[in-house]
Amino acid sequence: MKIALIGYGKMGKTIEEIAISRNHEITEKIDTFIGLPGSFDSKGFAEADVVIEFTAPGAAYANYMECFKRNKKVVSGTTGWLDRMPEIEKMCQNDGKTFFYSSNFSLGVNIFFEVNRQLARLMNKFDAYSVSMTETHHIHKLDAPSGTAISIAQGIAENMDRINGWTLAPESAEGKVQITAYREGEVPGIHTVRYDSEADYIEIKHSANSRRGFALGVVLAAEYTNGHRGLLGMKDMLGF
């Protein structure tokens, strides 16, 4: 499979390493948030079967549009732009575009998502427990809370009658999961969900050891996307 990369920081370099180890070819690398002039029109970009995009919230949507203009399938993990997701969904449904999105490509995190949803269903019966979250990432991460934390909170809200959204600490509100976000050093990512009552607490936690788990998931997603069409996600790939 031939892959073009948009975003060539630490994550992009790790994706490249794993893709090559799986016998894929990187045909183009665009090392800016919006692309060097002409990069999207290069021979290497034209040859790509799938484009992998990891940049920044302010650049992601424009990058997707450049890819769609050239009928490229896109895999993206950039967070902080999801207010425009309905537009992407329409393009996939009406214009034949293909877009694979996940707030987190780690296989372990996606198993964690499922555990989180199941725990929320169980805790829906027990009003004595309040639910909160913490997330910690490296100091270079621009958005807070993380897209992964938002996905976790959405999983809780979908399965608990008393929860209908989230807030970012220090703000708090009844019926919202309060998320506390920390930015420390080079931490790849830690997410914790906690249910507290006067009697005890229940806690589930996922900690990433490195970027390699995320990068492997991205390459697997690109392999999946190469053979599928439409709006795709980790649930499709993993069969959850």
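Residues numbered from 1 in each chain as written. Predicted model: local features only at pLDDT ≥ 70, side-chain atom pairs only at ≥ 80, totals over all residues. Heavy atoms only, no water.

### Some details on the overall build of the protein
Okay, step 1: Across its full length, the protein carries eight helices and eleven strands.
Okay, step 2: In terms of C-alpha radius of gyration, the protein reaches 19 Å, essentially the compact-globule figure of 18 Å for 240 residues.
Okay, step 3: Summarising its shape, the C-alpha atoms of the protein cover approximately 65 × 40 × 30 Å along the three principal directions.
Okay, step 4: Contacts in the protein between residues at least 24 apart in sequence constitute 65% of all its contacts with a sequence separation of at least 6.
Okay, step 5: Summed over its atoms, the accessible surface of the protein is roughly 11,600 Å², and 50% of this surface lies on carbon and sulfur atoms. (Helix = DSSP H or I, 4+ residues; strand = E, 2+ residues; numbered from the N terminus. Rg over C-alpha atoms; globule rule 2.2 N^0.38 Å. Contact = heavy atoms within 4.5 Å. Areas by Shrake-Rupley, 256 points an atom, 1.4 Å probe, with all protein chains shown as cover.)

### A look at the packing of aromatic side chains
Okay, step 1: What the rule picks out here adds up to ten aromatic pairs.
Okay, step 2: Arranged with centres 5.3 Å apart and planes meeting at 80 degrees, the rings of Phe40 and Phe45 form a pair that is edge-to-face.
Okay, step 3: Look at Phe100 and Tyr224: their rings are 6.3 Å apart centre to centre, the planes differ by 80 degrees, and that puts the pair in the edge-to-face class. With Phe100 in strand E5 (residues 99–101) and Tyr224 in helix H7 (residues 212–226), this residue pair connects regions lying 124 residues apart in the sequence. Comparing Phe100 with Tyr224 shows no difference in burial state: the two are buried.
Okay, step 4: Feature note: the residues Tyr64, Phe68, Trp81, Phe99 and Tyr101 constitute an aromatic cluster, connected by ring pairs.
Okay, step 5: The lysine or arginine in question, Arg84, covers the ring of Tyr61, its NZ or CZ lying 3.7 Å from the ring centre.
Okay, step 6: Of note, Arg194 hangs over the ring of Tyr201, and the distance from its end group to the ring centre comes to 3.5 Å. (Phe/Tyr/Trp six-rings, centres within 6.5 Å; stacked < 30°, edge-to-face > 60°. Buried < 20%, exposed > 50% of the residue type's maximum accessible area, 1.4 Å probe, protein only. Lys NZ or Arg CZ within 6 Å of the ring centre and 35° of its normal.)

### Here we look at the sheet that holds strand E3 (residues 50–53)
Okay, step 1: Reading across from one edge, E2-E1-E3-E4-E5-E11 is the order of the six strands in this open sheet, with parallel pairing throughout. Each edge of the open sheet is held by one strand with a lone partner, namely strand E2 (25–30) and strand E11 (231–232).
Okay, step 2: With two bridges connecting them, E5 and E11 associate as parallel partners. Each bridged residue has a counterpart across the sheet, and for Phe99 the counterpart in E11 is Leu231. (Pairing = 2+ DSSP bridges.)

### Notes on the state of the cysteines
Defined simply, a disulfide is a covalent bond joining two cysteines at their sulfur atoms.
Okay, step 1: Evaluated as defined, the whole model comprises zero disulfides.
Okay, step 2: As a non-bridged cysteine, Cys67 has Cys92 as the owner of its nearest cysteine sulfur, 12 Å distant.
Okay, step 3: Look at Cys92 and you get buried, because its relative accessible area is 10%. (Disulfide = S-S within 2.5 Å.)

### Things to note about helix H3 (residues 57–69)
Okay, step 1: Of all the residues in H3, the buried ones are Ala59, Ala60, Tyr61, Asn63, Tyr64, Met65, Cys67 and Phe68.
Okay, step 2: Residues of H3 that are buried make contact with strand E1 (2–6), helix H2 (43–47), E3, strand E4 (73–76), helix H4 (85–94) and E5.

### Some points on the pairing of E2
Okay, step 1: The pairing of E1 with E2 spans five bridges and is classified as parallel. Counterpart to Ala4 in the pairing with E2 is Glu28.

### Comments concerning the sheet that holds strand E6 (residues 130–137)
Two strands in a sheet stick together by hydrogen bonds in their backbones, pointing the same way (parallel) or opposite ways (antiparallel).
Okay, step 1: Pairing is mixed across the open sheet formed by five strands, whose spatial order is E7-E8-E6-E9-E10. Strands with a single pairing partner mark the edges of an open sheet, and in this sheet they are strand E7 (165–168) and strand E10 (201–207). On average, adjacent strands in this sheet sit at an angle of 20 degrees to one another, irrespective of strand direction.
Okay, step 2: Both strand E9 (residues 190–196) and E10 contribute to a ladder of seven bridges, which runs antiparallel. In the sheet register, Tyr195 faces E10, and the bridge partner there is Ile202. (Axes fitted to C-alpha atoms, helices over the stretch in contact; angles between N-to-C directions.)

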